[in-house]
Amino acid sequence: MTNSPAPAASRLALAAAGVTVVLWASAFVSIRSAGAAYSPGALALGRLLAGAVVLGCVLLIRREGLPSRQAWPGILISGLLWFGVYMVVLNWGEQEVDAGTAAMVVNIGPILIALLGARFLHEKLPPRLIAGMAVSFAGAVTVGLSMSGEGHASVLGVLLCLLAAIAYAGGVVAQKPALAHGSALQVTTFGCLVGAVGCLPFAPRLLDELGRAPLSATLNMVYLGVFPTALAFTTWAYALARTTAGRMGATTYAVPALVVVMAWVFLGELPGLLTLAGGVLCLAGVAVSRSRPKPPGAVPSAGSADATPEKV
């Protein structure tokens, strides 16, 4: 007798979370390019339309159809908050504040996810999760401070980034119960469609800017829709269905560390020692938040409870 499917599912979910984190980190590099030619609402709509086309094609190929009625409240709320409001206000906020300030403010999102998850989803807040989030948040603040020296900030920009963090947290917590009634692909596809419909008022602006934007900016917008949206949101939903919202939120603290590395590789922005130290703190906090204490004297095995997908 073997219990190998459980740890295999756990590793798959962890790999899915890793794909999400890497692609979301890459989005910051692409937004920098596309945001120079597209306004916040137009960029959000173009990204969502590209993502919806890809997701819709995959949904048709897999013949998954519509999710059940019970999934729709979570899909509608997460679609409006996370795919709609979050993308628009984050694009706008990053035009008003420097990258460091944006990183610090938006990174209260995982903390809000853990608190909202405890309140509305009755999730536990284990000490290691709280400790890991504290370490990662300190790392995010360190990265933000190290990148803010020559930037600019405004009250409006800080408020927009705060609104983005709130929308992100609310969307994640609303999405979690929907995944009990629909697949990751269904919940992501229709959430993306809801967000696109909510952004349709920006359609005239998008059409106008499409004619004037350089090809590189448009390609970056399409990339944002296909990979950080269509693929990464699906892998996120897959992993979220197999763990708690708080633990998944803590995982995204790895994003600032990866952004530092990607900016170094693709933009030639050499990080300073303070930035590198912050990135290490972010990754250390994620490791702590995702770890599980083992009972004294316990010997883990393939069939133990520690190997179930819920332990991802």
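Throughout what follows, the structure given in this document is the object of discussion. (Residues numbered from 1 in each chain as written. Predicted model: local features only at pLDDT ≥ 70, side-chain atom pairs only at ≥ 80, totals over all residues. Heavy atoms only, no water.)

This paragraph deals with the overall build of the chain. Helix and strand counts for the chain stand at 13 helices and zero strands. Counting from the amino terminus, the chain carries its helices and strands in the arrangement α-α-α-α-α-α-α-α-α-α-α-α-α. Expressed as a percentage of its 312 residues, the buried residues of the chain come to 50%. Expressed as a percentage of contacts within the chain between residues at least 6 apart in sequence, the contacts between residues at least 24 apart total 90%. When the accessible surface of the chain is totalled, it reaches about 14100 Å², and 72% of it is carbon and sulfur. (Helix = DSSP H or I, 4+ residues; strand = E, 2+ residues; numbered from the N terminus. Buried < 20%, exposed > 50% of the residue type's maximum accessible area, 1.4 Å probe, protein only. Contact = heavy atoms within 4.5 Å. Areas by Shrake-Rupley, 256 points an atom, 1.4 Å probe, with all protein chains shown as cover.)

Here we take up a nonpolar patch on the surface. Taken together, Val261, Trp264, Val265, Phe266, Leu273 and Leu276 make up a surface patch of nonpolar side chains, about 670 Å² in accessible area. Element by element, the count of residues in the nonpolar patch is highest for helix H12 (residues 254-267), at four residues. Within the element layout of this structure, Val265 appears in helix H12. Residue Val265 is classed as exposed on the basis of its relative accessible area, which comes to 58%. (Patch = residues over 30% accessible without salt bridge, like charges linked within 9 Å, V, L, I, M, F, W, Y side chains within 5 Å. Salt bridge = Lys/Arg side-chain N within 4 Å of Asp/Glu carboxyl O.)

Before going further, it helps to examine the pattern of salt bridges. Applying the stated criterion across every chain yields a total of three salt bridges. Across the pair Arg205 and Glu209 runs a salt bridge, and its minimum N-O distance is 2.9 Å. With Arg205 and Glu209 both in helix H9 (residues 203-210) and four residues apart, the pair spans about one turn of that helix. The exposure class of Glu209 is buried, given its relative accessible area of 5%. When the shortest N-O distance is used, the salt bridge between Asp208 and Arg212 registers 2.7 Å.

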